[in-house]
Amino acid sequence: MEILQHLADGFALSLLPLNLAVLLLGVTVGLFIGAMPGLGSVNGVAILLPITFLVPPASAIIFLAAIYYGAMYGGAISSILLGIPGASTAVATTFDGRPMAQKGQAGLALIAAAVGSFVGGTVSVVLFTLFAAPLADVALAFGPAEEFALVLLAFTTFLALGGDDVFKTVLMILLGLVLSTVGLDLISGQPRLIFGDLPGFYSGISFLVLAIGVYGIGEILWTIEQTQHKPQVMPARIRFSELAAGFRALGTSLKAMASGSLLGYFVGMLPAAGATPASLMAYGVAKSTSRKPEQFGKGAVEGVVAPETANNAASTGSLLPMLTLGIPGSPTTALLLGGMVMWGLMPGPMLFIEQPEFVWGLISSLYTANLFAVAINLALIPLFVWSLRIPLPVLSALVLVLCIVGGFTPNQKMHDVWLIAGFGIAGYLLHKLDYPLAPLVLALVLGPLMEKSLRQALIAAQGDVTTFVERPISATFIAIALLLFLLPLIRKLRRHLLPGRAAASSRSSA
Amino acid sequence: MRVAELLTAAFLMGLSVYFMIHAAALPIGWQQGAGPGGGAFPFWLSVMMLVAAGGIFLRQAVGLLAERGSRRPFVSRVALRQVLIVVGSLLAAIALIHLVGAYVAIPLFLVFYLRAMGPVGWRQTTLLALITPVVVFFFFEVTLKILLPKGITEPLFIPLYALFF
């Protein structure tokens with residue numbers, strides 16, 4: 001019952017008028033960002049992080065988490081009405097959402113998506129509440145060796161589960177780590193990698209500069225290149241009779257909701273997986289367990305509910321390792337982590353002891369955010385339909401201005417703005433060549449922790465490398481990391497040895 | 001496509017060598033009893049980067065010899081024009097901020113961008129170009145107290161500062 005007490009204290013913080021106001025604003029902005037094709041939660045959080053300097057740190061994080069949440073709901077809107085996923089996390093929603101809209105059931109599809117999101121969000125927040133404190137307690141025993149092993153483990157999940165080219169993934173992780181070492185050496189205090197003594201590099205490369213570049217400018221370039229023709233917006237009106245019909249139809253998709261919630265939550269916790277694969281997996285599971293699998297792809301309600309439940313559950317799931325261990329479960333939570341560090345709130349087990357009111361305030365705000373998101377989503381559907389008609393040039397121009405001004409704000413250096421432009425162009429080119437960008441951003445955020453824990457552990461052990469394998473928890477992490485590192489290789493070998501069977505099994509495990 | 005892959009891999013290989021040279025400014029070896037030196041972490045990561053980029057390069061090069069490559073263009077001509085407009089106007093806007101300040105550069109950028117990128121009418125363009133800087137001014141300068149660079153237009157803002165601060 002201790003948890004309930006904590007949660008009540010948390011609500012005392014998150015229901016303050018200011019926090020409630022930023023929560024409402026965040027959810028609404030998030031819904032819009034999610035609905036815009038090309039912009040998802042990670043872009044929204046990257047672009048809007050600088051403007052949160054306006055409010056105290058706790059409110060800022062609540063705002064950003066609310067954007068994260070809202071964007072997960074919003075992604076479904078353009079998936080259904082445009083047939084284009086509003087964010088990569090809503091790809092699976094297009095499979096049945098678009099056919100439903102074409103059959104004239106756009107309203108029903110939107111209701112199903114909103115309710116599915118709500119169920120997924122709520123189930124996962126409850127799970128989150130139950131797991132957070134125990135996990136933080138376990139993590140309290142972690143020393144530098146365990147921290148290093150854990151970061152290593154987080155990176156290797158990208159190799160085993162990321163699904164991208166192994167060489168390119170490794171390269172992006174390494175590039176992120178190297179970029180994170182720019183600036184002053186943590187231990188000796190000497191400057192390094194400052195590129196011919198450019199003073200702008202002394203303070204290092206901020207995660208925000210990389211994120212705004214890659215997810216702001218790079219994503220805009222990508223969207224402009226991909227959208228060469230205007231998509232057609234499907235009309236959608238919601239009548240009360242439809243609302244009732246919507247809720248009745250949902251009774252039949254309880255199973256899809258249950259599996260979507262659990263799958264989403266646990267897949268979401270893994271750094272490499274996150275909401276997009278979770279929603280695809282939930283779609284697959286819903287299809288294979290459905291009584292009418294032939295309906296899928298032709299406008300089945302369950303086909304909308306399952307991925308939407310899963311992507312919301314995953315977004316909560318990815319917050320769990322971020323808050324309790326300091327290891328983000330997704331690119332968006334990596335940005336939240338970077339933001340929290342910037343405000344002096346170091347995520348990890350100590351946060352639960354030092355700043356309990358903040359931690360529980362944030363957790364309790366997720367309950368409220370969920371409730372508001374579903375209400376605002378359903379109430380403002382006409383507004384979202386209208387906003388989908390905003391021409392891309394106008395939208396992209398405003399985002400670019402926000403990137404320039406927002407990039408300048410944190411450190412007030414034009415140096416950062418030039419870097420953002422550079423990272424934006426580089427990010428666009430890398431994206432085009434299928435280099436995964438999430439590991440790059442994650443590595444830049446986790447780089448300092450990784451190097452610090454490696455060197456602290458070695459200094460504590462007087463330079464003895466065996467410290468990483470002598471401590472049981474650290475050894476376990478390293479063993480799993482090694483296994484994940486070798487997994488792509490093993491898969492390849494199996495494909496060579498048993499061509500037919502292995503191909504099928506690797507597809508089911510991917 | 002293949003050429004772009006090769007160029008990128010080659011560029012990343014060059015970048016890692018460049019990082020290695022710079023990282024070597026600090027001790028990169030093992031210091032007795034204290035673990036790696038200050039330059040070791042970036043140095044050895046750059047070495048691994050070189051290997052990974054080299055792997056990508058070799059794989060593409062082998063593919064080039066074997067099947068004469070995929071001849072899919074890296075980017076279509078129409079899209080290239082748009083991407084170049086965005087990149088060009090963005091870089092020009094940032095350069096202009098140094099010279100004439102954010103409050104001249106941003107409207108100029110908006111007018112050029114909106115007219116060049118798509119069918120946005122003059123009325124809408126003018127409206128956006130006028131409203132955006134005002135919103136930016138009130139949000140960043142008045143509320144957040146963060147002064148954006150103004151270049152040679154700085155004197156024009158002195159009466160405004162007197163009014164709001």
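Refer to the structure printed above.
### Here's the deal with the overall build of chain A
When its secondary structure is counted, chain A shows 23 helices and two strands. Relative to the 2.2 N^0.38 estimate, which gives 24 Å for 510 residues, the radius of gyration of chain A is 22 Å and therefore close to what a compact globule would have. Taken across its 510 residues, chain A has 59% of its residues classed as buried. Looking at chain A alone, contacts between residues at least 24 apart form 79% of all its contacts between residues at least 6 apart. In the structure as shown, chain A presents an accessible area of about 18,800 Å², 69% of it carried by carbon and sulfur atoms. The centroid of the 25 positive side-chain charges in chain A is displaced by 16 Å from the centroid of its 23 negative side-chain charges.

### Concerning the interface of chain A and chain B
Note on interface size: it is often stated as the accessible area lost on association of the parts. Chain A puts 61 residues into the contact, and the matching count from chain B is 64 residues. Carbon and sulfur atoms make up 83% of the area that chain A and chain B hide from each other, which totals about 5,600 Å². The largest share of the area that chain A buries against chain B comes from Phe167, Trp418 and Leu433 of chain A, three residues that together contribute 10% of it. Put simply, chain A and chain B have two salt bridges between them. For Asp165 of chain A, the salt bridge goes to Arg59 of chain B, with nearest N and O atoms at 3.0 Å. In this assembly, chain A and chain B are joined by four residue pairs in polar contact (both at pLDDT 80 or more). Mapped by element, the contributors of at least two residues to the side of chain A that touches chain B are helix 8 (166-180), strand 2 (191-192), helix 9 (207-226), helix 18 (392-408), helix 19 (414-432) and helix 20 (438-460) of chain A. The biggest single contributor to the side of chain A that touches chain B is helix 18 of chain A, with ten residues.

### Considerations on the packing of aromatic side chains
Residues and elements named next belong to chain A. Inspection of every chain in the model, using the stated rule, returns 18 aromatic pairs over all chains. The interplanar angle of 75° and the centroid separation of 5.6 Å between the aromatic rings of Tyr283 and Phe296 together place this pair among those described as edge-to-face. Here Tyr283 is found in helix 12 (residues 275-289), whereas its partner Phe296 is found in the loop between helix 12 and helix 13 (301-325), with 13 residues between them in sequence. Here Tyr283 falls in the buried class, since its relative accessible area comes to 9%.

Conventions and cut-offs
- Residues numbered from 1 in each chain as written.
- Chains lettered and ligands numbered in written order.
- Predicted model: local features only at pLDDT ≥ 70, side-chain atom pairs only at ≥ 80, totals over all residues.
- Heavy atoms only, no water.
- Helix = DSSP H or I, 4+ residues; strand = E, 2+ residues; numbered from the N terminus.
- Rg over C-alpha atoms; globule rule 2.2 N^0.38 Å.
- Buried < 20%, exposed > 50% of the residue type's maximum accessible area, 1.4 Å probe, protein only.
- Contact = heavy atoms within 4.5 Å.
- Areas by Shrake-Rupley, 256 points an atom, 1.4 Å probe, with all protein chains shown as cover.
- Lys, Arg positive; Asp, Glu negative; His and termini not counted.
- Charge placed at Lys NZ, Arg CZ, Asp CG, Glu CD.
- Buried area = accessible area lost by both parts, 1.4 Å probe.
- Salt bridge = Lys/Arg side-chain N within 4 Å of Asp/Glu carboxyl O.
- Polar contact = N/O pair within 3.5 Å; in protein donor to acceptor, adjacent residues only side chain to side chain.
- Phe/Tyr/Trp six-rings, centres within 6.5 Å; stacked < 30°, edge-to-face > 60°.

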